[in-house]
Amino acid sequence: MLGAFFDDSGTHAGSPVMTIGGVLGTEPQWDVFAVAWEALLIEPLPGKRPLKQFHLSPCRAGRDEFENYSLAERDHLTYLFRQVILDTGLVTVAAAVDNAAWDELVTGDAAEQLGHPLEFLLYKCLNSVSDIIKWRKPGEQTWVFFDEGIRDRVEMFVCTYLQNNKDRPEFANVGFAPVSKVIALQAGDMIATETFQFGQQWLLDRENPVTNPHFESFRWRDISP
């Protein structure tokens, strides 16, 4: 059985970009991931207290559990957690929407068909997961988990998606859980946040967006649709 774990970013009012990002892997991969990720939470850096969770946004900003981290320490810690995803060989999946363009272009009948941009992002990510499994693990199925925080907004859509896409039998079931308690969702948070921050830079300069070096490691992989 496979497992896919997704989180969202930029779903707050006034956000210029909305994203969903996540990671897909096999059961053995998730076993390796869990050991490495938990070890970093217990001992993130020499002399630092254990972390309750790794949350990329406050890490970048130096907030919450990362208040006593220097910029260099936060950058190094991001690198260490990023490497867990890369070394484990997890597939990374993400989708993003330019909210201003969506509001301008998706109107009338198109708005009724496409629904909320968050639903569109879910549709794109679920399709990507299905296509990846068809290509890399044909005949296998996956559980898909999302952040509990968006359950009230997307649960009905996800159930409808599964009912109406019988040609995509790759999905065994869907669940929701708190990011703080499911470390695989923390990896999803990293992908969602990196995609959100890259999306903001892309809006500023679509030809040459400033890319965080950590995101570059995900962006050009063959297993990063």
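In the block above lies the structure referred to throughout.
Description of the structure in this document.

What counts and what doesn't
Residues numbered from 1 in each chain as written. Predicted model: local features only at pLDDT ≥ 70, side-chain atom pairs only at ≥ 80, totals over all residues. Heavy atoms only, no water. Helix = DSSP H or I, 4+ residues; strand = E, 2+ residues; numbered from the N terminus. Buried < 20%, exposed > 50% of the residue type's maximum accessible area, 1.4 Å probe, protein only. Salt bridge = Lys/Arg side-chain N within 4 Å of Asp/Glu carboxyl O. Expected span 1.5 Å × (residues − 1). Contact = heavy atoms within 4.5 Å. Core = buried A, V, L, I, M, F, W, Y, C linked by side-chain atoms within 4.5 Å.

1. Structural notes on the overall build of the protein
Scanning the protein for helices and strands turns up nine helices and five strands. If you list the helices and strands of the protein from N to C, you get β-β-α-α-α-β-α-α-α-β-α-β-α-α. In terms of overall dimensions, the protein has C-alpha extents of about 55 × 40 × 30 Å along its principal axes. Within the span of the protein, comprising 225 residues, buried residues form 48% of the whole.

2. Description of unusual backbone geometry
One non-glycine residue, Asp64, adopts positive backbone phi at about 55°. Checked against the element boundaries, Asp64 lands in the loop between helix H2 (56-61) and helix H3 (71-88).

3. Describing the pattern of salt bridges
Enumeration over the complete set of coordinates arrives at eight salt bridges. The closest approach of N and O atoms between Arg63 and Asp64, which form a salt bridge, is 3.6 Å. Linking Glu148 and Arg151 is a salt bridge whose minimum nitrogen-to-oxygen distance equals 3.7 Å. We classify Glu148 as partly exposed; its relative accessible area is 34%. Classification of Arg151 as partly exposed rests on a relative accessible area of 31%. What emerges from the salt-bridge pattern is a single network uniting Glu148, Arg151 and Glu155.

4. Brief notes about H3
Spanning 18 residues, H3 covers 26 Å between terminal C-alpha atoms, matching the ideal 26 Å at 1.5 Å per step. By the burial criterion, the buried members of H3 are Arg74, Leu77, Thr78, Phe81, Arg82, Gln83, Val84, Ile85 and Thr88. Tucked into the core, H3 has its buried residues touching strand E2 (17-26), helix H1 (27-42), H2, strand E3 (91-98), helix H8 (183-204) and helix H9 (213-219). Following H3 by one or two positions, Gly89 adopts a phi angle in the positive range, close to 80°.

5. Quick word on the environment of Trp202
Of note, Trp202 is situated in helix H8. The sequence separation of Trp202 and Arg153 amounts to 49 residues, and the corresponding C-alpha distance is 27 Å.

6. Considerations on the nonpolar core
Grouped together as the largest cluster of nonpolar side chains are 30 residues, with contacts concentrated most on Phe6, Leu24, Val144 and Phe146. Broken down by secondary-structure element, the contributors of at least two residues to this core are strand E1 (2-9), E2, E3, helix H6 (117-136), strand E4 (142-147), helix H7 (151-164) and strand E5 (171-177). At eight residues, H6 tops the list of elements feeding residues into this core. Non-local contacts of Phe6, meaning those with residues more than four positions away in its chain, are made with Ile20, Gly21, Gly22, Val93, Cys125, Val129, Val144, Phe145, Phe146, Asp147 and Leu185. Phe33, Leu56, Leu185 and Ala187 belong to the second-largest nonpolar core, a separate cluster that totals 28 residues.

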